[in-house]
Amino acid sequence: DLLKQRPKSELLPKIYSSPQITKLSQDEEVAALGRAIDFWSPYFKPSKFQVLYVTKGDEDWLSKKESELGLQSMLPPNETWKSFLSRYSPCSSAVAGTANEIPTFIQCKGTEYAGYHIQTGPHEYTHLFQRSYAGYKPKLTE
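Below or above, wherever it landed, is the structure these notes cover. (Residues numbered from 1 in each chain as written. Predicted model: local features only at pLDDT ≥ 70, side-chain atom pairs only at ≥ 80, totals over all residues. Heavy atoms only, no water.)

Concerning the packing of aromatic side chains
Following the criterion strictly, the structure yields ten aromatic pairs and no others. Aromatic pair Phe 49 and Phe 105: ring centres 6.1 Å apart, planes at 45 degrees, arrangement tilted. Taken together, the residues span a long stretch of sequence, with Phe 49 in the loop between α2 (23–40) and β2 (50–54) and Phe 105 in strand β4 (residues 102–108) at a distance of 56 residues. The same class applies to Phe 49 and to Phe 105, which are both buried. An aromatic cluster is defined as three or more aromatic residues linked by ring pairs; in this entry it consists of Phe 39, Trp 40, Tyr 43, Phe 44, Phe 49, Phe 105, Tyr 125, Phe 129 and Tyr 133. It is Lys 14 that lies over the ring of Tyr 16; its NZ or CZ is 5.2 Å from the centre. (Phe/Tyr/Trp six-rings, centres within 6.5 Å; stacked < 30°, edge-to-face > 60°. Helix = DSSP H or I, 4+ residues; strand = E, 2+ residues; numbered from the N terminus. Buried < 20%, exposed > 50% of the residue type's maximum accessible area, 1.4 Å probe, protein only. Lys NZ or Arg CZ within 6 Å of the ring centre and 35° of its normal.)

Listed below in structure tokens is the structure:
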């Protein structure tokens, strides 16, 4: 198996989890994400990388993080964090991009952990790799 032959990457994302996200849920997500980081590491090695885990009801928490981390560019035009967090039920959406020029993804998870979200982190990390590989440079908001 190609992935098992690769050395483990030392890249560790900065994790921001809302108070509603359980440690079990976060740990399972980070383990799955680690496999994607290892897979893409020969091609994508950001000096910084961050992940935010949220769920419904975290709009205020996420708005504070938006100011702190520069997440404004992460939402499409005319969308709000409230609409992002309520897009699906149970909450299972994500968005990848850059915040203050740092590769970032935000994942909305259901509060009841069932293990079915663990493909989302690797999926979003792959988007970040694709953006980097394609030479995408984000427009910084004024």
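Moving on, there is more to tell.
Things to note about the sheet that holds β2
Read across the sheet, four strands follow the order β1-β2-β4-β3 without closing on themselves; strand pairing throughout is mixed. Strands with a single pairing partner mark the edges of an open sheet, and in this sheet they are β1 (14–17) and β3 (94–99). Neighbour-to-neighbour, the strand axes of this sheet turn through a mean angle of 20 degrees, independent of strand direction. Where β1 lies against β2, four bridges are found, and the strand directions are parallel. Looking at β2, one finds that Ile 15 is bridged to Val 51. Strand contacts of α2: β1, β2 and β4, with the helix running at about 145 degrees to β2, the strand carrying the most contacts. This element, helix α5 (residues 120–133), spans β3 and β4 of the sheet and lies at about 40 degrees to β3. (Pairing = 2+ DSSP bridges. Axes fitted to C-alpha atoms, helices over the stretch in contact; angles between N-to-C directions. Contact = heavy atoms within 4.5 Å.)

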